[in-house]
Amino acid sequence: MPADRSEALPTARRPHRLAGGQPGLLEPGASTDPYRLRLYRILRTDFPLGHDPGLGAWLLSRYEDVVLALTDPRFTGYPHDGAPRGPVPAPLGLCRGSLVCTPLPEGGTAPAATDTAADPDPGPAPAVERAAYVLARRIAGRDRADLVEEFCRWLPAGADAVAAGLSSPDSSAPPRPGGGADDCARQTGLRERALASFLANMLDDPDLLAAVAGGGTGAVMLLHRAWAETLRRDPPVQIVLRRTRTEVRVSGGTLPAGEAVACLIGAAGRDPARFAAPDRFDPLRADADPLFSGPAGCPAALLGRLEAEHGLRALLAAMPRIRWAEGFRPTSSGVLTRGPRTLLVRPS
């Protein structure tokens, strides 16, 4: 493991240290880029268990410890026991663990019990696809566009609008969260960040873009793997809070009972003890892990993947030569939630 060289960084880019030398997760500078600051690396190697007073929680940064906190029945939801525990997947990825979260099958939803003669619901895919193509065509004629401002922020709400029977997404007013009952599906901001990270990763690799543009079953599977890899490498939610129900032994020591625990998803997803070349975006990696995609059937998890898949397809169909604007490089920010703030492209 390379030695920590954070002291060689300019002062503005060094992780702020708490008493005892532990980096402060919410201290000045940490939210800019915890990866380049080596904050996550320092926590994994030197402080695998430490208390962060700013967050009011114990920090877990190693993959093995984070998985334990997300799956072991000795941990429960935060701040109450109502959230899933034990073998039930904890809130992760785009899932917020809502108690009213209803699984949403990709192929459609079953008819209501009182309407047995109704046709099966085709599911959200057609609405997502239509909204994506409308938004992509509006950008296609530009010399320059920001995909975050003009695509990622509109697609989740635009899909809701199409599903509600509107002819197209209304780009004359700011998008609003969906009106459904499921709390997970209403968190459109997280899906915006995840979509922006996905598009940034894909646009960074012209060969990968060419492979998915070809269509077919192989392209679909590659898109699915690229989406899962984005949630591992660049998770929109960097921290998941849990709580201990009893004392729990982890790799760095013992967690007290009844304490808040911050699972650092961003650190665990790039743990070199679990993933080869963890900083590299590699949809074909042999050590992929479904953990970071969140619970299967969560409406937000499904909608996010559909928006990534149909969103990229729509952009490539409307703008086959789409590329980064001259001199632009995507950067992400945030340590609680994270994603690129701008994605400047040349549509043609």
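Residues numbered from 1 in each chain as written. Predicted model: local features only at pLDDT ≥ 70, side-chain atom pairs only at ≥ 80, totals over all residues. Heavy atoms only, no water.

Draft legend 1. Spotlight on the overall build of the chain. When its secondary structure is counted, the chain shows eleven helices and twelve strands. Restricting to contacts in the chain with at least 6 residues of sequence separation, those with at least 24 account for 68%. A total of about 15,900 Å² of accessible surface is found on the chain, and carbon and sulfur atoms cover 52% of it. (Helix = DSSP H or I, 4+ residues; strand = E, 2+ residues; numbered from the N terminus. Contact = heavy atoms within 4.5 Å. Areas by Shrake-Rupley, 256 points an atom, 1.4 Å probe, with all protein chains shown as cover.)

Draft legend 2. Seen up close, the nonpolar core. Membership of the largest hydrophobic core comes to 70 residues, with the highest contact counts inside it found for Leu147, Phe151, Phe198, Leu199, Met202, Leu255 and Leu312. The leading source of residues in this core is helix 7 (residues 188-203), at nine residues. If sequence neighbours within four positions are ignored, Leu147 has contacts with Ile139, Cys152, Leu199, Leu203, Leu315, Ile322, Leu343 and Val345. Judged by nonpolar contacts, the second largest core, of 16 residues, contains Leu43, Phe47, Leu59 and Val335. (Core = buried A, V, L, I, M, F, W, Y, C linked by side-chain atoms within 4.5 Å. Buried < 20%, exposed > 50% of the residue type's maximum accessible area, 1.4 Å probe, protein only.)

Draft legend 3. Fine view of the packing of helix 7 against helix 9 (residues 217-233). At their nearest, the axes of helix 7 and helix 9 sit 9 Å apart, and the two run at 115° to each other. Our classification of the angle between helix 7 and helix 9 gives roughly perpendicular. Note on packing geometry: the crossing formed by helix 7 with helix 9 is right-handed. Residue-level inspection shows Ala194, Leu195, Ser197, Phe198, Asn201 and Met202 of helix 7 in contact with helix 9, the latter providing Leu223, Ala226, Trp227, Thr230, Leu231 and Arg233. Considering only residue class, the contact of helix 7 with helix 9 consists of eight nonpolar, three polar and one charged. (Axes fitted to C-alpha atoms, helices over the stretch in contact; angles between N-to-C directions. Parallel < 35°, antiparallel > 145°, perpendicular 65-115°, else oblique. Left-handed = near helix turned anticlockwise from the far one by under 90°. Nonpolar A, V, L, I, M, F, W, Y, C, P; charged D, E, K, R; others polar.)

Draft legend 4. Examining the packing of aromatic side chains more closely. Using the criterion set out here, one finds six aromatic pairs in the structure. Relative to Phe275, the ring of Tyr63 lies with its centre 5.7 Å away and its plane at 90°, an arrangement referred to as edge-to-face. Note that Tyr63 is positioned in helix 2 (residues 63-71) and Phe275 in the loop between helix 10 (265-268) and helix 11 (299-318), a separation of 212 residues in sequence. In terms of burial, Tyr63 and Phe275 fall into one category: buried. Measuring from ring centre to ring centre gives 5.4 Å for Trp324 and Phe328, while their planes differ by 55°; the resulting arrangement is tilted. Phe328 carries the same exposure label as Trp324, and that label is buried. An aromatic cluster of at least three residues, connected via ring pairs, comprises Tyr63, Phe275 and Phe292. Between Arg232 and the ring centre of Phe275, over which it is positioned, the NZ or CZ distance is 5.2 Å. Arg270 extends its terminal NZ or CZ atom over the ring of Tyr35, reaching a point 3.7 Å from the ring centre. (Phe/Tyr/Trp six-rings, centres within 6.5 Å; stacked < 30°, edge-to-face > 60°. Lys NZ or Arg CZ within 6 Å of the ring centre and 35° of its normal.)

Draft legend 5. Layout of helix 8 (residues 206-213). Within helix 8 the residues assigned to the buried category are Leu208, Leu209 and Val212. When helix 8 is viewed along its axis, its buried side chains cluster within an angular range of 100° and face the same direction. Across helix 8 from its buried face, at more than 90 degrees, point the exposed residues Pro206, Asp207, Ala210 and Ala213. Packed against the buried residues of helix 8 are helix 7, helix 9 and helix 11. Among the residues of helix 8, the N-terminal cap falls to Asp205, whose side-chain oxygen and the backbone nitrogen of Asp207 are separated by 3.2 Å. Downstream of helix 8 by one or two residues, Gly215 has phi in the positive range, about 80°. (Arc of directions from axis to C-beta. Polar contact = N/O pair within 3.5 Å; in protein donor to acceptor, adjacent residues only side chain to side chain.)

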